[in-house]
Amino acid sequence: MGALSGCGSGTQTCIAEGPPPLQVRSRQDWDWELQVRKQPGPLEGLEGEESQCLGPQGMLGRMVRPFHASMNPEGDVELSQYLAGWRELVRFLIPLGSIYAFATSEAFAKVTALEALVHGPEAAHYTSLATMVAWEQPGIASRDSARCPGSLTMLLLHRALRWSQLCLHRVATGTLGGPDAGAQCSDAYGTALAPHHPWLVRQAAHLAFLAFPGRSRLLELACPGAREAEARAALARAAGTLEDVYNRTQTLLAERGLLELA
C-alpha cells in the first residue's frame, strides 16, 4: 500500500489531518464509551481481563506502556520510548493480513532508520523530538531532506500512527449491527491515507479491506481469551493512548512548522 514511503508524491503516504467521518451511534453506545473514557489512565485501576490485556504481558500493554512513557513531563516526546511503542504496534498489526503487510514492513524500516540516529554517533541530539528538530533545523529550514532525516522520518511515522489509532478506536467502539471492522478501517483509510495515494493503490487497498479480519478476530488478537466488553474497553484505552501521543506530537510539529516538511 505504500503506507509510509513518503509524503510529497502520489506514491507516498501521508495521513490527512481532520476528524473521522461521522458515525450514527445509539444512546447506549455513547453511554458505554463515556464509561470507558471516565476510567483511569491506561496503566491504572485495571481489573480482570482488561488488566491482563493492558498488563506487562499483554499485547496491548506492551504497546501502550512505551507510548505512554514517551510523553515526558516537560511536554516533549522521548524518541527511544516512542520507537519502542512503534515496534510493538507493528507486532500487533502483522497478523491482520495483507492490508497491513506492506504498511508494517515500511513502518519497521522507518523505525529502524530513526533508531539508527537515536543510538548513533550523534545520539545526544536525538533523545527527544525537540532536541532532534533543534539539531536538524538547518536542513529543515532549507527543506533539504538529506539534512533532516530524523524529522522527516518522525513526520511519516506520526502520520501513520493516525491511521492506526483511528482504525483501532473504531473497532473498539463500533456499534452492534453497525459497519464491520473492515468497513470502519476502510473509512479510516479514506480519511487518513487515500487522499495521498494514486488511483491504483486506492483500488488495491479497497479490495484488501474486503478480506479484513472481523471485529471478533481483532478483539481476540488484542485480548486473547477476554470477554468482548473487556477487550473493547482495553482496545479503546490503547487507542486513546495512541491519540494522546499523536496529539502531543502534532502540536510539537505544528509549533516548529514541520507538518509540511514532506
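Keep in mind that this is a model prediction, so the values were computed, not measured.

Cut-offs used in this document
Residues numbered from 1 in each chain as written. Predicted model: local features only at pLDDT ≥ 70, side-chain atom pairs only at ≥ 80, totals over all residues. Heavy atoms only, no water. Helix = DSSP H or I, 4+ residues; strand = E, 2+ residues; numbered from the N terminus. Buried < 20%, exposed > 50% of the residue type's maximum accessible area, 1.4 Å probe, protein only. Contact = heavy atoms within 4.5 Å. Salt bridge = Lys/Arg side-chain N within 4 Å of Asp/Glu carboxyl O. Axes fitted to C-alpha atoms, helices over the stretch in contact; angles between N-to-C directions. Parallel < 35°, antiparallel > 145°, perpendicular 65-115°, else oblique. Left-handed = near helix turned anticlockwise from the far one by under 90°. Expected span 1.5 Å × (residues − 1). Arc of directions from axis to C-beta. Disulfide = S-S within 2.5 Å. Polar contact = N/O pair within 3.5 Å; in protein donor to acceptor, adjacent residues only side chain to side chain. Nonpolar A, V, L, I, M, F, W, Y, C, P; charged D, E, K, R; others polar. Phe/Tyr/Trp six-rings, centres within 6.5 Å; stacked < 30°, edge-to-face > 60°. Lys NZ or Arg CZ within 6 Å of the ring centre and 35° of its normal. Core = buried A, V, L, I, M, F, W, Y, C linked by side-chain atoms within 4.5 Å.

## Focus on the overall build of the chain
- If you tally the helices and strands in the chain, you get twelve helices and zero strands.
- In the chain, which comprises 262 residues, the share counted as buried stands at 50%.
- Here the contacts in the chain between residues at least 6 apart in sequence split such that 70% fall between residues at least 24 apart.

## Brief notes about the pattern of salt bridges
- Taken as a whole, this structure holds six salt bridges when the rule is applied.
- Residue Arg232 is joined to Glu228 by a salt bridge in which the shortest nitrogen-to-oxygen separation is 2.8 Å. Note that Arg232 and Glu228 are positioned in helix H12 (residues 228-255) at a spacing of four residues, about one turn of the helix.
- Taking relative accessible area as the criterion, Arg232 reaches 8% and is therefore assigned buried.
- Residue classification places Glu228 among the partly exposed residues on the basis of a relative accessible area of 43%.

## Some details on the packing of helix H3 (residues 59-70) against H12
- Two elements in contact, H3 and H12, have axes separated by 9 Å at closest approach and are oriented at 25°. In terms of orientation, H3 lies roughly parallel with respect to H12. Both H3 and H12 take part in a crossing whose hand is left-handed. Judged by residue contacts, Leu60, Met63, Val64, Phe67, His68 and Ser70 of H3 engage Ala234, Leu235, Ala238, Thr241, Leu242 and Val245 from H12.

## Some words on helix H10 (residues 199-210)
- With twelve residues, H10 should cover 16 Å at 1.5 Å per step; its first-to-last C-alpha distance of 17 Å lies within 8% of that length.
- Buried within H10 we find Ala205, Ala208 and Phe209. Along the long axis of H10, the arc covered by the buried residues comes to 100°, so they all point the same way. Opposite the packed face of H10, turned more than 90 degrees from it, sit the exposed residues Trp199, Leu200, Leu207 and Leu210.

## Observations concerning the state of the cysteines
- In this structure the tally under the stated criterion is two disulfides.
- With its sulfur 2.2 Å from that of its partner, Cys53 forms a disulfide with Cys223. Taken as a pair, Cys53 in helix H2 (residues 48-54) and Cys223 in the loop between helix H11 (215-222) and H12 lie far apart in primary sequence, 170 residues in all.
- Cys53 gets classed as buried once you look at its relative accessible area, which sits at 4%.

## Quick look at the environment of Thr112
- In this structure, Thr112 sits in helix H5 (residues 98-118).
- Residue class for Thr112 comes out partly exposed when judged on its relative accessible area of 33%.
- Looking at Thr112, its side chain comes within polar contact range of the main-chain oxygen of Phe108, at 2.8 Å.

## A closer look at the packing of helix H4 (residues 79-93) against helix H8 (residues 149-173)
- Where H4 contacts H8, the axes come no closer than 12 Å and their chain directions differ by 45°. In terms of orientation, H4 lies oblique with respect to H8. Where H4 crosses over H8, the handedness of that crossing is left-handed. Across the interface between the two elements, Leu79, Tyr82, Leu83, Trp86, Leu89, Phe92 and Leu93 of H4 pack against Met154, Leu157, His158, Ala160, Leu161, Ser164 and Leu168 of H8.
- Of the residues assigned to the contact of H4 with H8, the class counts are twelve nonpolar, two polar and no charged.

## Things to note about the packing of aromatic side chains
- Tallying each qualifying case throughout the model produces one aromatic pair.
- Taking NZ or CZ as reference, Arg162 lies 5.1 Å from the ring centre of Tyr246, over its face.

## Focus: the nonpolar core
- Grouped together as the largest cluster of nonpolar side chains are 68 residues, with contacts concentrated most on Leu60, Phe67, Tyr82, Trp86 and Leu161.
- Each residue touching Trp86, except ones within four places of it in the same chain, is listed here: Phe67, Ala107, Val111, Leu157, Ala160 and Leu161.

## Digging into the side chain of Thr153
- By the secondary structure assignment, Thr153 is in helix H8.
- Taking the relative accessible area as the measure of exposure, Thr153 reaches 12% and is therefore buried.
- Non-local contacts of Thr153, meaning those with residues more than four positions away in its chain, are made with Lys110 and Leu114.

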